Amino acid sequence: MARERIEFKTPEQIGLMRTAGLLTAAALESVRAALRPGISTRELDAVAAEVIRGGGGTPSFLGYHGYPASTCISVNHVVVHGIPGEQVLAEGDVVSVDCGAIVEGWHGDSAWTEIVGEPRDEGDAELVEVTRQAMWRGIAALDGRGRLNEVGGAVEDAVAGRLGIVDGYTGHGIGTAMHQAPEVLNYRVRERGPRIKPGLVVAIEPMCTRGGDETDVLDDEWTVVTTDGARAAHWEHTVAVLDEGLWVLTAPD
Ligand code: LMR
Ligand code: MG
Ligand code: MG
């Protein structure tokens, strides 16, 4: 099978992507500040949409293959692609918010998982923290300038068997579209993958569970849940490889 070509970016283009990344970060920061027991996922979605539009951007998720909202909000055993709606958050819920903004045609894509108030148990806190560390270890692996599949090896090493790594969902190239080549796996494979070189921009996004790696999609054709009902977490940043190092484009200023 022919591989889709990777769109390598110039430093100028990466600068434009930073604007989209910062707006994505600002939207997610506002959602984080609004997170509390009693708020609905629809209200959180509105917070993100307002920040993105207020900053002169467009929410990239809205209308994407018909998707009806500006964020994905995935609670507890929902891994990704939870649709914001009537669901009201409660103390101890594990909430993943994924969001993307387009500015002047360039995309940002980022996600975090937070616990509402106090964690229900130690395991939930570990789920969130280990997944976050796995994302950063995956990002750091880009700086070795080796091959892209080293990212998945780094994610797997960071998780160290403590969590399930969700099968079938990956990170991706990003730029003038939210999803581009190459795929970025979250686990180790034999194949080495493309060379990591300046101009590569990818979304690194491990998705982990307190149980197994299998998921199902609900009848709404979006919501991805763990098959075993275990709670899940998802962290994501858009990262550019530059001559001089890495630039996490969706990290707040
Ligand atoms: C992603 O991180 O790629 C999401 O924001 C969108 C998707 O389809 O998963
Ligand atoms: Mg995302
Ligand atoms: Mg993504």
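Residues numbered from 1 in each chain as written. Chains lettered and ligands numbered in written order. Predicted model: local features only at pLDDT ≥ 70, side-chain atom pairs only at ≥ 80, totals over all residues. Heavy atoms only, no water.

What follows concerns the coordination of the magnesium ion (ligand 2). For the magnesium ion (ligand 2), the full set of protein donor atoms is D98 (OD), D98 (OD), D109 (OD) and E236 (OE), and the range of their distances to it is 2.0 to 2.5 Å. Every donor counted, the six donor atoms about the magnesium ion (ligand 2) form angles of 56 to 161° at the centre, which fits irregular coordination. Summarised as a motif, the one-chain spacing of the donors to the magnesium ion (ligand 2) is D-x10-D-x126-E. Between the magnesium ion (ligand 2) and the magnesium ion (ligand 3), both coordinated by D109, there is a metal-metal distance of 3.3 Å. Here D98 is found in strand β4 (residues 94-103), whereas its partner D109 is found in strand β5 (residues 106-115), with 11 residues between them in sequence. With a relative accessible area of 8%, D98 lands in the buried category. Its relative accessible area of 2% is what places D109 among the buried residues. (Donors = N, O, S within 2.8 Å, 3.2 Å for Na, K, Ca; no water. Tetrahedral: all angles 85-135°; square planar, octahedral: opposite > 155°, others 65-115°. Helix = DSSP H or I, 4+ residues; strand = E, 2+ residues; numbered from the N terminus. Buried < 20%, exposed > 50% of the residue type's maximum accessible area, 1.4 Å probe, protein only.)

It is worth spelling out the sheet that holds strand β3 (residues 78-80) at this point. Pairing in this open sheet of three strands is antiparallel, and the strands run β3-β12-β11 from one edge to the other. Two strands lie at the open edges of the sheet, namely β3 and β11 (215-217), each paired on one side alone. Between one strand axis and the next, the sheet turns through 40° on average, direction left out of account. Relative to strand β12 (residues 224-226), β3 runs antiparallel, the two being bridged by two bridges. Note on β12: the bridge partner recorded for V80 is V224. (Pairing = 2+ DSSP bridges. Axes fitted to C-alpha atoms, helices over the stretch in contact; angles between N-to-C directions.)

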